[in-house]
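What follows is the residue order along each chain.
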Amino acid sequence: LSRPIILITLALVGLGFGPTFPAMMVAGQNGAVLRDLGIVTSMIAFFRTLGGSFGIAILWSILIGSLASQLAAEHASALGEAILGHAGGGMTALPEASRQILAPALAHSYRLVFLTNAGLCAVAALLLATMREQKLRDEPAYQVRQRAAE
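Everything quoted here is computed from the prediction, not taken from an experiment. (Residues numbered from 1 in each chain as written. Predicted model: local features only at pLDDT ≥ 70, side-chain atom pairs only at ≥ 80, totals over all residues. Heavy atoms only, no water.)

Draft legend 1. Summary view of the packing of aromatic side chains. Within the structure shown, the criterion is met by one aromatic pair. When the centroid spacing of 5.1 Å and the interplanar angle of 75° are considered together, the rings of F46 and F47 count as edge-to-face. A residue is classified by how much of its surface remains accessible, and F46, at 47% relative accessible area, is partly exposed. For F47, a relative accessible area of 46% puts it in the partly exposed group. (Phe/Tyr/Trp six-rings, centres within 6.5 Å; stacked < 30°, edge-to-face > 60°. Buried < 20%, exposed > 50% of the residue type's maximum accessible area, 1.4 Å probe, protein only.)

Printed below as a string of C-alpha cells:
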C-alpha cells in the first residue's frame, strides 16, 4: 500500500473512533449517581486503557502465532527468527526469495488479525445496541446539590 492510502485509512479510523470516546464518557457519567461521578470517570479511563493493553497483546499474539505457523508451513521458520533478530531494514534488506515467502505469510497473518478485530467490533456494536437509552441530565451538578441541600 502507498503512504497516502495508509494515511487516509488511519485518518478515517481516527474520525470513526475519536467521537466515540467523549460520547461513551458522557453516557457513563450520565448514568451515574452524582456522588459516584469521579469513580465512574476514572473507571472508564482505567478500563479503556486496560482493554487497549489486553487488546494489543492478544492481537499481537495472534499475528506472531499465525506468522510462525505460516512460515513453518513453508519450511521457513528460521526466516521469522531472522526477521525478529534483524534490526532495521525491514523486508527490503531480505533476499528476493525470502520476500516471496514472507509477504504472503504476513498478508495472511494481518488478515487474520483484522478479521479478529472486526469480530470484536461487531460484538461491541451488539453490546452497545443493548444499552438502555437514558435522557441526559438537564441541570448542572452544583444545582442538583444545592436543591438537595435545601
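Draft legend 2. Fine view of the side chain of S66. Position of S66 among the secondary structure elements: in helix α3 (residues 37–73). Its relative accessible area of 6% is what places S66 among the buried residues. In this structure the side chain of S66 is engaged in a polar contact, spanning 3.5 Å, whose partner is the side chain of H108. (Helix = DSSP H or I, 4+ residues; strand = E, 2+ residues; numbered from the N terminus. Polar contact = N/O pair within 3.5 Å; in protein donor to acceptor, adjacent residues only side chain to side chain.)

Draft legend 3. Region of the structure containing the nonpolar core. Counting eight residues, the largest nonpolar core is built from L67, L71, A76, L79, L94, L102, A105 and L106. At the level of secondary structure, the elements contributing two or more residues to this core comprise α3 and α5 (96–129). Excluding anything up to four places from it in sequence, L71 contacts A76, S77, L79, G80, I101, L102 and A105. (Core = buried A, V, L, I, M, F, W, Y, C linked by side-chain atoms within 4.5 Å. Contact = heavy atoms within 4.5 Å.)

Draft legend 4. Up close: the packing of helix α2 (residues 20–30) against α3. At a minimum axis distance of 9 Å, the contact between α2 and α3 shows a crossing angle of 145°. When you trace α2 past α3, the crossing you get is right-handed. Contacts between α2 and α3 involve F21, M24, M25, G28 and Q29 from the first element and L37, V40, T41, I44 and R48 from the second. When grouped by side-chain class, the residues that make up the contact of α2 with α3 number six nonpolar, three polar and one charged. (Axes fitted to C-alpha atoms, helices over the stretch in contact; angles between N-to-C directions. Left-handed = near helix turned anticlockwise from the far one by under 90°. Nonpolar A, V, L, I, M, F, W, Y, C, P; charged D, E, K, R; others polar.)

Draft legend 5. Structural detail: the confidence of the model for the protein. A residue-level look at the protein finds 94% of positions with pLDDT of 70 or above and a mean pLDDT of 86. Mean pLDDT values over the elements of the protein span from 72, in helix α4 (residues 77–85), up to 93, in α3. (pLDDT = per-residue confidence, 0-100.)

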